[in-house]
Amino acid sequence: MTEPSGETTPEAPAEPPAPEDRATGPADAAGTTGEPGGAEGAAGPAEDGAAGSVEETGDVEGAAAPAEDGSAGDAEETGTAGEPGTDTEPEDSTGPAETGAGDEPHAPEKAGGDAEPGASGDVAGAEAGAGDAAGLSEAQAELAAQRDLRAKIAARKAEKSGPVASGAKLSGTAADLLAAVRAVEGGAASGRALYDEAPAPRRPAAETAPAMTVRPPAPERPAAPAPGTTAAVREVLAEGGAPEALAAPVAAALGEGAAAALREDPWQLLAVPGVRPEQADGFARALLGPACGPGDPRRVVALTVWLLEQAALQGHTALELQAVRAGLGRHAVPDAEEAVETAVSEGAVLVFQEEETAEEESEGDEDVEETAAPAGPVLLGLDRYALAEESLADGLARLVRTATADTWEGPELERAAGAHGLVLHTGGEASRAEPVALAAAARARGLRALVSVHADGGRRAAGPDAVTVAALLSGTAGPGRDEDGALALDLLVVLDAPHLDVETGAMLVESLPDGCRLVLSGDPEVLGAPGAGRVFADVLAARVCPRVASRVPDPGPLGELVSGIGVGELNQVEAPGKEVVIVPVRDAGEAVHRTVQLVADSVPRAIGVPPEQTQVVTVGHGGSAGTRALNAALKQRLNPGPGRFGGYDPGDRVAYAPAPGRTVTGTVLSADAEGLRLRCGDEELVVPKERVESALRHGWALTAHQAAGTRWPAVVVVLPGDAAGGLSRPWVYTAFGRAERHLSVVHGVDQALARAVAEVVAPERTTRLRPLLEGLLAADEE
């Protein structure tokens, strides 16, 4: 079954450490371990230097202790960046990643998962990826309102600068871009000058707030590709030996002239998610014969764009020039330097180099002279992410400059929000109450204030009026918009801000009117955004607005454990109420067995949390202890049935991906001619039957990225030994932090957990937002 694109970052772990590495390293903490619900007997001292007792069998009747020796992580965040060209690329790798055909567009399988298609010369392996591509195109129908808003943003940017010339060799803007590549490499010039722009015209502030704003009508589903277009594409695919299942995705990706475009440039097949370069090469050879080669300009341009798209799945909005050249070299491009110049001259990619400034003070003179500092590396990027980052930087600067400073009495956060248009707030789960209280205080002042969250599950702790960011942007929740597309708000509080990707952030900020105050709140230690960019981290690093750090600690043993992980320490905690329990396992099979036992028996009996309120979090979708294996075992135990509705039965817990990067959890109610009916929180929705296979999976077990932004009374984190290399501090912090009352850790990775918490941080993402913000606002702050 084709997997849904529930998250937009890979979940494949890096190569696991060598056996000798896993066997070394002292444990950092000690504790009593056992499975919830059983005997209280204690064994002798734990092996490998861990001071504590281990119950081989039993329940949570035994005491609980912090997890300490190793666990397998979700490869959504890994500490070792895999090389481009592998099938298990970790998130945020420094080079472009590749995903195999048939994978989730953003979630390759972890080690030990399903077999991936090899580097064959045809596209037969891409057939499985067609379902994902089709699912993506339909999922975007639910965000048509966002696309309309993006068009307004693009139009506003187009007023400031002309479009990049495409297809014209060495003329106009394209010639300038090519010259910039050569100039910045030779040190003679910088590419930033090509992108300096005048400030965008500001939207006039509304004089008075309307009493009521009518929301725009629900967006209509975009028309599917014309049957004639799909049929023509099918013919071209057949000539090249490609599966017919790719016809609809290709037609959707390339538009009305898809067949002619594909015949002229067979490497356009790479525009379909899941298609690999080896498969596109085979298709091109079948169509063009000896006329094509590894240095074909069409091939190098398509490969360059593809590498940047794969990097975006890893969180990068741009890549260093050398990384792109290295990626092209791995795909047998004979002259990577010339290939990059070709892609730039065609307008397929953009080139950037950010300049920095340094202040020098002459001796005996107080005059300060601003001099040019060494320029940053040359970056290549796609226009969609360049537009998003520039729009986001412009929008944030606009909010800072147009807010009217006021004196608000109250806590530090309230005072900062009254005096500034942009405020950052950091803290753990308990600190979420502070920005929620700020919104309530603003309403008491007569202001239009709203709280938004990342996931539907996060609304419970944010108050009854909170909405998701996706619902706010689509217009299905929150205030309406004026004729300019601005939201009727005076203050917007965004919780879970670390999960904002750059495109969503740009649309959100561009939707706010002049003078509106924006408070971005979140925990910097959690997993990053599921899409490209690192909005919260970049704004924090830019230091262009007030930052308020919460002093409210997360309570109890769970809070103590998670807080320690955030600073790189896996501490021993006292858990008299069985808040934390460790269940050691020897292999993945035992891990699955213990997980089912915990959810179905031990946690309900010893902790009092029913199975429907217990969430399993694991490392990835594939493998012997991934979400597929765990969900199959949990369904068999908790809701057995024939799966008569496309593999699902009433009562099944499911995870639905209505759009890339979004996961909604719910329960199956029934099915009819329209599709599968789900209950998600307080709402009912229908998953069209053609999307069930691509956008839905069972949801008793989720990955850490799918679970981000939501908490459950009890959580079982499964750490099978074959995924130890995928562990990182952010993954462990996020997974363990999903639990409100009880955390069970099914532990099979020896010392890898302690080592990951202490040493493995999230790989850096290459972005441009920080220097853009600094250039716009740093001078204002001075």
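Keep in mind that this is a model prediction, so the values were computed, not measured.

Let's talk about the overall build of the protein
Piece 1. Looking only at helices and strands, one finds 26 helices and 21 strands in the protein.
Piece 2. Here the protein, with 782 residues, has 56% of them falling under the buried criterion.
Piece 3. Considering only contacts within the protein whose residues lie at least 6 apart along the sequence, 75% involve residues at least 24 apart.
Piece 4. Split by element, the accessible area of the protein, about 30,200 Å² in all, is 50% carbon and sulfur.

Some thoughts on the pairing of strand β13 (residues 614-618)
Piece 1. Burial within β13 is extensive, with five of its five residues counted as buried.
Piece 2. Neither face of β13 is left uncovered, since the one carrying Thr 614, Val 616 and Thr 618 and the one carrying Gln 615 and Val 617 both have all their residues buried.
Piece 3. Two elements, β13 and strand β20 (residues 712-719), share four bridges in a ladder whose sense is parallel. Opposite Thr 614, over in β20, you have Ala 714 as the bridge partner.
Piece 4. When β13 meets strand β19 (residues 701-703), the two strands line up parallel, connected through three bridges. Across the sheet, residue Thr 618 finds its bridge partner in β19, namely Thr 703.

A look at the sheet that holds strand β12 (residues 580-584)
To summarise the sheet geometry, strands pair through backbone hydrogen bonds and adopt either a parallel or an antiparallel arrangement.
Piece 1. Read from one edge of the open sheet, five strands run β12-β21-β20-β13-β19, paired in parallel fashion. The sheet terminates laterally at β12 and β19, the two strands that pair on one side only. For this sheet the average axis-to-axis angle between neighbouring strands, irrespective of direction, equals 25°.
Piece 2. Inspection of the sheet shows β12 paired to strand β21 (residues 739-747) by five bridges, in the parallel sense. Paired with Val 580 across the strands is Leu 743, a residue of β21.
Piece 3. Along the sheet, helix α24 (residues 729-736) contacts β13, β20 and β21; its crossing angle with β20, the most-contacted strand, is approximately 145°.

Re the pattern of salt bridges
Piece 1. Using the criterion set out here, one finds 27 salt bridges in the structure.
Piece 2. Where Glu 244 meets Arg 234, a salt bridge forms, and the shortest distance between an N and an O atom there is 3.9 Å. Linking Glu 244 in the loop between α5 (227-239) and α6 (247-254) with Arg 234 in helix α5, this pair joins segments that are ten residues apart in sequence.
Piece 3. Its relative accessible area of 52% is what places Glu 244 among the exposed residues.

Focus: the confidence of the model for the protein
Piece 1. Here the protein averages 77 in pLDDT, and 68% of its residues register 70 or above.
Piece 2. Ignoring residues within four places in sequence, the model shows residues 61-139, a span with pLDDT below 50, making 339 contacts including any to other chains.
Piece 3. Below pLDDT 50 for its whole length, residues 160-174 participates in 26 contacts with residues either more than four positions away or in separate chains.

A closer look at the packing of aromatic side chains
Piece 1. Considering all chains together, one arrives at zero aromatic pairs under this definition.
Piece 2. The ring of Phe 645 carries Arg 644 above its face, with NZ or CZ at 4.9 Å from the centroid.
Piece 3. For Arg 768, the ring lying beneath its charged end belongs to Phe 352, and the centroid distance is 3.7 Å.

Points about the sheet that holds strand β18 (residues 696-698)
Piece 1. Across the sheet, which stays open at both edges, the five strands sit in the order β17-β16-β15-β14-β18 with antiparallel pairing between neighbours. Only two strands of the sheet have a single partner each, and these edge strands are β17 (683-688) and β18. This sheet shows a mean twist of 45° between the axes of neighbouring strands, independent of strand direction.
Piece 2. Here strand β14 (residues 653-656) runs beside β18; their pairing, made up of three bridges, is antiparallel. Across the sheet, residue Val 654 finds its bridge partner in β18, namely His 698.

Brief notes about the packing of helix α9 (residues 297-313) against helix α10 (residues 321-330)
Piece 1. Relative to each other, α9 and α10 sit at 120°, their axes nearing to 10 Å. As far as their axial angle goes, α10 and α9 are oblique. The handedness of the crossing between α9 and α10 is right-handed. Where α9 abuts α10, its residues Val 300, Leu 303, Thr 304, Leu 307 and Leu 308 lie against Val 324, Gly 327 and Leu 328.
Piece 2. For the contact of α9 with α10, the class distribution of residues is six nonpolar, two polar and no charged.

Brief notes about unusual backbone geometry
Piece 1. Although it is not a glycine, Asp 496 sits at a positive phi angle of roughly 55°.
Piece 2. Among the structural elements, Asp 496 can be located in the loop between β9 (491-494) and α17 (502-510).
Piece 3. Asp 496 gets classed as buried once you look at its relative accessible area, which sits at 10%.
Piece 4. With a phi close to 55°, Asp 750 is a non-glycine residue in the positive phi region.

Some points on the nonpolar core
Piece 1. Grouped together as the largest cluster of nonpolar side chains are 87 residues, with contacts concentrated most on Val 233, Leu 237, Leu 328, Leu 492, Leu 518, Leu 520 and Val 539.
Piece 2. The contacts of Leu 518, once residues within four sequence positions are left out, are Leu 396, Leu 399, Gly 421, Leu 422, Val 423, Leu 492, Val 494, Val 509 and Leu 512.
Piece 3. Counting 37 residues, the second largest nonpolar core, distinct from the first, contains Phe 736, Leu 743, Val 745 and Ala 754.

A few points about the side chain of Arg 765
Piece 1. With respect to the helices and strands, Arg 765 occurs in the loop between α25 (752-759) and α26 (769-781).
Piece 2. Here Arg 765 falls in the buried class, since its relative accessible area comes to 8%.
Piece 3. At 3.0 Å, the side chain of Arg 765 and the backbone oxygen of Gly 531 are in polar contact.
Piece 4. A polar atom in the side chain of Arg 765 sits 2.7 Å from the backbone oxygen of Gly 533.

Observations concerning the packing of α10 against helix α11 (residues 336-345)
Piece 1. Look at α10 against α11: their axes get within 9 Å of each other, and the N-to-C directions meet at 115°. With respect to their mutual orientation, α10 and α11 come out roughly perpendicular. The way α10 lies across α11 gives a crossing that is right-handed. Residue-level inspection shows Leu 321, Val 324, Arg 325 and Leu 328 of α10 in contact with α11, the latter providing Ala 336, Glu 337, Ala 339 and Val 340.

Focus: the environment of Leu 769
Piece 1. Assignment of secondary structure puts Leu 769 in helix α26.
Piece 2. Looking at Leu 769, the relative accessible area reads 1%, which means it is buried.
Piece 3. Between the alpha carbons of Leu 769 and Gly 533 there is a distance of 8.3 Å; along the sequence they are 236 residues apart.
Piece 4. With residues up to four places along the chain from it excluded, the contact list for Leu 769 reads Glu 389, Leu 392, Ala 393, Val 535, Asp 538 and Val 539.

Conventions adopted
- Residues numbered from 1 in each chain as written.
- Predicted model: local features only at pLDDT ≥ 70, side-chain atom pairs only at ≥ 80, totals over all residues.
- Heavy atoms only, no water.
- Helix = DSSP H or I, 4+ residues; strand = E, 2+ residues; numbered from the N terminus.
- Buried < 20%, exposed > 50% of the residue type's maximum accessible area, 1.4 Å probe, protein only.
- Contact = heavy atoms within 4.5 Å.
- Areas by Shrake-Rupley, 256 points an atom, 1.4 Å probe, with all protein chains shown as cover.
- Pairing = 2+ DSSP bridges.
- Axes fitted to C-alpha atoms, helices over the stretch in contact; angles between N-to-C directions.
- Salt bridge = Lys/Arg side-chain N within 4 Å of Asp/Glu carboxyl O.
- pLDDT = per-residue confidence, 0-100.
- Phe/Tyr/Trp six-rings, centres within 6.5 Å; stacked < 30°, edge-to-face > 60°.
- Lys NZ or Arg CZ within 6 Å of the ring centre and 35° of its normal.
- Parallel < 35°, antiparallel > 145°, perpendicular 65-115°, else oblique.
- Left-handed = near helix turned anticlockwise from the far one by under 90°.
- Nonpolar A, V, L, I, M, F, W, Y, C, P; charged D, E, K, R; others polar.
- Core = buried A, V, L, I, M, F, W, Y, C linked by side-chain atoms within 4.5 Å.
- Polar contact = N/O pair within 3.5 Å; in protein donor to acceptor, adjacent residues only side chain to side chain.

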